[in-house]
Amino acid sequence: MHVQLALLALGAFSVTGQSPGCQLLGTAVMPSFSQEGQITIGGVFYLHGKPGDSQNQFTDTPITMDCQGINFREFRLAQTMIFAIEEINNRTDILPGVTLGYKIYDTCASVTFSVRSAMALMNSYEEMRTDTSCSRPAAIKAIIGESSSTNTIAIATSVGPFHIPVISHFATCACLSDRRKYPTFFRTIPSDYYQSRALAQLVKRFGWTWVGAVRSDSDYGNNGMATFVEAANQEGICIEYSVKFHRTEPEKLLKVVEIIKSGTAKVVVAFLNLLEMNNLLEQLTVQNITGLQMVGTEGWITASSLVRPSSYRILGGSIGFAVTGAKISGLNEFLLQLNLSKNPNNTLLKDFWETAFQCSFTNETNSIYKTSCTGSESLKKLNNQYTDTSEIRITNNVYKSVHAIAHSLHNQLACTLEEGCAKSLNIEPWQVLDALKKVNFTLRTGERVFFDGNGDPAAKYDVVNWQLGPNGAVEFKAVGYYDATLPPGQQFVMSPVDMAWAGGQKQVSPTSVCSESCPSGTRKAVRRGKPVCCYDCVPCAEGEISNKTDSNDCIPCDLEYWSNEKRARCVLKTVEFLSFDEVMGIVLVIFSLFGTCLTVLVAVVFLAHKNTPIVRANNSELSFLLLFSLTLCFLCSLTFIGRPSQWSCMLRHTAFGVTFVLCISCVLGKTIVVLMAFRATLPGSNVMKWFGPPQQRLTVLAFTLIQVLICVLWLTLSPPFPNKNMKYYKDKVILECDVGSAVGFWAVLGYIGLLSLMCFVLAFLARKLPDNFNEAKFITFSMLIFCAVWITFIPAYVSSPGKFTVAVEIFAILASSYGLLFCIFMPKCFIILLQPELNSRKRLMGKMPTKSL
């Protein structure tokens, strides 16, 4: 483009040899509205909606392009610029004594026309150029425009090298904040950098995690949607589809509508400018696609041109962001006083008049309007975007842009109310650019105007909702706001007002998710090949919980806790131990006490018949000691029942070990006495004097002390202690007594086993000795039972789970105790109580064995 300018300037060399000069090639581009002033401001708006259908064929001189379709909103923006300039010219506190002029060009929403308008503003094309030095300064000091980001990018790129500031009222593309590419660009509308992120927060607030996205195929739509997608991913929002189209691509628009129609997302984020949104609305209406929750941008959310009798079925309940507005005093009156009398030859104004009043100034038969225009029609009777000042958010931005330029000029020229402007009015655009960077003022509307380092204003938006008013008309109701200057987490605020949703419904907000929320007790499992928002709900494993909805992972419970049935919270594990309250504990207590009572009863019988031959012949002293030890054996089983504690754990194992050694020592003593007694009958034998009652007591004491010593060492070095065993069961805590030192535990059992084996061997050797006096056969049988019980105890003890380990140990104690009691004492009690005739010395010393024995 710069090369083209140079060629235009240098193409003025005369072929006849005349001196070179600046010469206009082609037809000058005339402004749509202009007014002379000491300082001129340029304006660029697409006053027409699109270029004409005529095309250059590149075979002859290009024809002047025409434009079609008056854009009433842009026309209002252009008139607002004129209003603001006239207002400043009539004020004495801003630029006193200085008159502002303007030149406003129509771009027809075309990038080509936008660049052409920028060139015209820079060079001030005129039909007759008198200055041929090619050294004229720029015709304007700043440019206001345009409404499209793409067109604004073209303008800012063209005039940037010449340091001419450009202030846009509606170009929101975040790319324009790049100071390296667009060093002279400013805007009075926030960047889409903030709006895109605010949209993601808005969608997240209502729980919509599965959305569709439609955008304009332009810098505005592409850049804005890219930022939204990034922010949506950070918020955990999934996008089912992201499609784009341009208003010049009707085929692509049909494909976009088909994708929307077939999609499952009930929420559509429409990052569209007004023209594309208008085209999309037409197709949605034709195909009767309703029930979609539309989320919009400032490009269309407050556009009254979209409000039609059939559009509320489609756009009713739409929600989105709109720039903040303000009431501009006098603007409505200024807009309505527009007429043709001031500029009767303005073709654009005539075109506006014909479109607004549906009439024609010509009598040509090809005119689409049959009614004739008089030029005196009243704008007060019109109801269109030009006369509707209820939503002047973008209009207010144009107003702020003009005042920003005026205040920068005011500061640069050092103007004061008393002395006027001190500096020369021959100000350069780069000076205005420097002043704009520092401008900071407050309008009469109360709004503060300033620009940050990127030329952007503070990001503030109203959250707007399409609702029906009391009179049935569509209203753009503010239901909240977004202020990027507030601290994080407080920027987005919704007001407590009723909302309208998709299609204008008043029910709760629609649901738009790929998968329903996972309840507590489950976790999300992403489906293979699908976005993260599409998942299955998998129940948490045992011992894990999720106590919130849509949990990504299950949390394992602490060691002493377990998940409840719903996997929603951790509860204390069931503590298991053999208690006195349960059936098994009660049964074992009964057998233990029964054995104790039975043993005491036997002792009473023996005590009552202590002088009888059968009691005296069976070593009454050792018998009573054995009965005492059996009583302790029955009672020590009770220490294994109940909640384990430090003392009970030490007591149960040591008491068991000592009492059983005492018991086996007594049995061993009785066995040795039997053997010694028959050895003493041999001629010349005096063996009994070496194993009399004192030796018997000493033997029992010695064997028992060894066990006591083992227990003392065990308790000293590594005693048993209560332990919470959580390895065997996942959902239970087994409260048990850990043996502490395994060596000590097996030493106690081993010592008992050694004595039992010794006793069994001796009793077996003495089982066939003559006379009824011999009780070795009963001891043999009792020790056989004892050893069998404790041999089977070991594997049962090792393999039994939880409280059953303790039950097995108690059973072994009781079984072996009952075995000793019944085998050794029951035959004697039978004779004493039921066959007393056999309880005589003659029968006991007789040579013939008694059948009862």
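Residues numbered from 1 in each chain as written. Predicted model: local features only at pLDDT ≥ 70, side-chain atom pairs only at ≥ 80, totals over all residues. Heavy atoms only, no water.

Draft legend 1. Quick peek at the overall build of the chain. Along the backbone of the chain there are 22 helices and 29 strands. A burial count over the chain gives 51% of its 853 residues as buried. Sequence separation of at least 24 residues holds for 69% of the intrachain contacts in the chain that already meet a minimum separation of 6. Accessible surface, the chain: about 40200 Å² in total, of which carbon and sulfur atoms supply 58%. (Helix = DSSP H or I, 4+ residues; strand = E, 2+ residues; numbered from the N terminus. Buried < 20%, exposed > 50% of the residue type's maximum accessible area, 1.4 Å probe, protein only. Contact = heavy atoms within 4.5 Å. Areas by Shrake-Rupley, 256 points an atom, 1.4 Å probe, with all protein chains shown as cover.)

Draft legend 2. Expanded view of the environment of tyrosine 193. The residue tyrosine 193 is located in helix α5 (residues 192-205) in this model. Its relative accessible area of 39% is what places tyrosine 193 among the partly exposed residues. Separated by 20 residues in sequence, tyrosine 193 and cysteine 173 place their C-alpha atoms 7.7 Å apart. Beyond its immediate chain neighbours, meaning those up to four positions away, tyrosine 193 contacts Ala174 and Thr227.

Draft legend 3. The arrangement of the state of the cysteines in detail. Scanning the model with the defined rule gives 10 disulfides in all. Disulfide partner of cysteine 359: cysteine 373, at an S-S distance of 1.7 Å. In this structure, the disulfide formed by cysteine 359 and cysteine 373 twists by about 100 degrees around the S-S bond and is classed as right-handed. Within this pair, whereas cysteine 359 is found in the loop between α11 (347-357) and α12 (393-412), its partner cysteine 373 is found in the loop between α11 and α12, the two being separated by 14 residues in sequence. By the burial criterion, cysteine 359 is buried, and cysteine 373 matches it. Residue cysteine 415 pairs covalently with cysteine 421 via a disulfide, S to S 1.8 Å. Every disulfide takes its handedness from the sign of the S-S torsion; for cysteine 415 and cysteine 421 that torsion is 100 degrees, giving right-handed. Summary of cysteine pairing: cysteine 636 is not part of a disulfide, and the nearest cysteine sulfur, belonging to cysteine 633, is at 5.5 Å. (Disulfide = S-S within 2.5 Å.)

Draft legend 4. Representation of the pairing of strand β29 (residues 732-738). As judged from the 3 bridges shared by strand β27 (residues 574-576) and β29, these two strands associate in the parallel manner. If you follow glutamate 576 over to β29, its bridge partner there is isoleucine 734. Joining the antiparallel neighbours strand β28 (residues 721-725) and β29 is a turn of 6 residues. (Pairing = 2+ DSSP bridges.)

Draft legend 5. Inspection of the packing of aromatic side chains at higher detail. Scanning all chains against the criterion turns up 26 aromatic pairs. Seen in terms of ring centroids, phenylalanine 75 and phenylalanine 352 are 4.1 Å apart; in terms of plane orientation they differ by 10 degrees. Their pairing is stacked. Taken together, the positions of phenylalanine 75 in helix α2 (residues 72-89) and phenylalanine 352 in helix α11 put the pair 277 residues apart, joining distant regions of the chain. Like phenylalanine 352, phenylalanine 75 is buried. (Phe/Tyr/Trp six-rings, centres within 6.5 Å; stacked < 30°, edge-to-face > 60°.)

Draft legend 6. Layout of empty space enclosed by the protein. One pass over the full model with this rule turns up 2 cavities of 30 Å³ or more. Of the pockets and cavities examined, the largest cavity occupies roughly 150 Å³. Sorting the residues of the lining of the largest cavity by element identifies α2 and α12 as the ones contributing at least two each. Looking at the lining of the largest cavity element by element, the count peaks at 3 residues for α12. Residue composition of the lining of the largest cavity, by class: 4 nonpolar, 5 polar and 6 charged. (1 Å grid on protein atoms, 1.4 Å probe; cavity = no way out; pocket = protein on both sides within 12 Å on 5 of 7 lines; lining within 4 Å. Points joined across faces, edges and corners; volume = space filled by probe spheres on them. Nonpolar A, V, L, I, M, F, W, Y, C, P; charged D, E, K, R; others polar.)

Draft legend 7. Spotlight on the sheet that holds β29. What the 3 strands build is an open sheet, ordered β27-β29-β28; its pairing is mixed. Edge positions in the open sheet fall to β27 and β28, since each of these has one partner strand only. Averaged over all adjacent pairs, the angle separating strand axes in this sheet is 30 degrees, with direction ignored. Sheet topology places β28 next to β29; 5 bridges connect them, and they run antiparallel. Looking at the pairing, asparagine 725 lines up with isoleucine 734 of β29. (Axes fitted to C-alpha atoms, helices over the stretch in contact; angles between N-to-C directions.)

Draft legend 8. Representation of unusual backbone geometry. Here glycine 145 and glutamate 146 are connected by a cis peptide whose omega angle stands at -5 degrees. Looking at the secondary structure, you find glutamate 146 in the loop between β6 (143-144) and α4 (149-159). Of note in the backbone geometry, leucine 95 takes a positive phi value of approximately 45 degrees without being a glycine. Take leucine 95: it is sitting in the loop between α2 and β5 (100-106). Of the residues examined, leucine 95 reaches a relative accessible area of 1% and is grouped as buried.

Draft legend 9. View of the environment of isoleucine 39. With respect to the helices and strands, the residue isoleucine 39 is situated in strand β2 (residues 39-45). A residue is classified by how much of its surface remains accessible, and isoleucine 39, at 0% relative accessible area, is buried. In sequence terms isoleucine 39 and alanine 142 are 103 residues apart; their C-alpha atoms lie 9.7 Å from each other. The contacts of isoleucine 39, once residues within four sequence positions are left out, are Val98, Thr99, Leu100, Gly101, Lys141, Leu409, Leu413, Leu425 and Ile427.

Draft legend 10. The pattern of salt bridges, seen in detail. Summed over the entire model, instances satisfying the criterion amount to 13 salt bridges. A salt bridge links lysine 244 to aspartate 217; the shortest N-O distance between them is 3.7 Å. Of the two residues, lysine 244 sits in strand β10 (residues 238-245) while aspartate 217 sits in the loop between β9 (210-216) and α6 (219-234), which places them 27 residues apart along the sequence. By relative accessible area, which is 31% here, lysine 244 ends up partly exposed. Residue classification places aspartate 217 among the partly exposed residues on the basis of a relative accessible area of 24%. The salt bridge partner of lysine 732 is glutamate 576, with a shortest N-O separation of 3.3 Å. Placement of lysine 732 in strand β29 and of glutamate 576 in strand β27 is noted, with a sequence separation of 156 residues between them. (Salt bridge = Lys/Arg side-chain N within 4 Å of Asp/Glu carboxyl O.)

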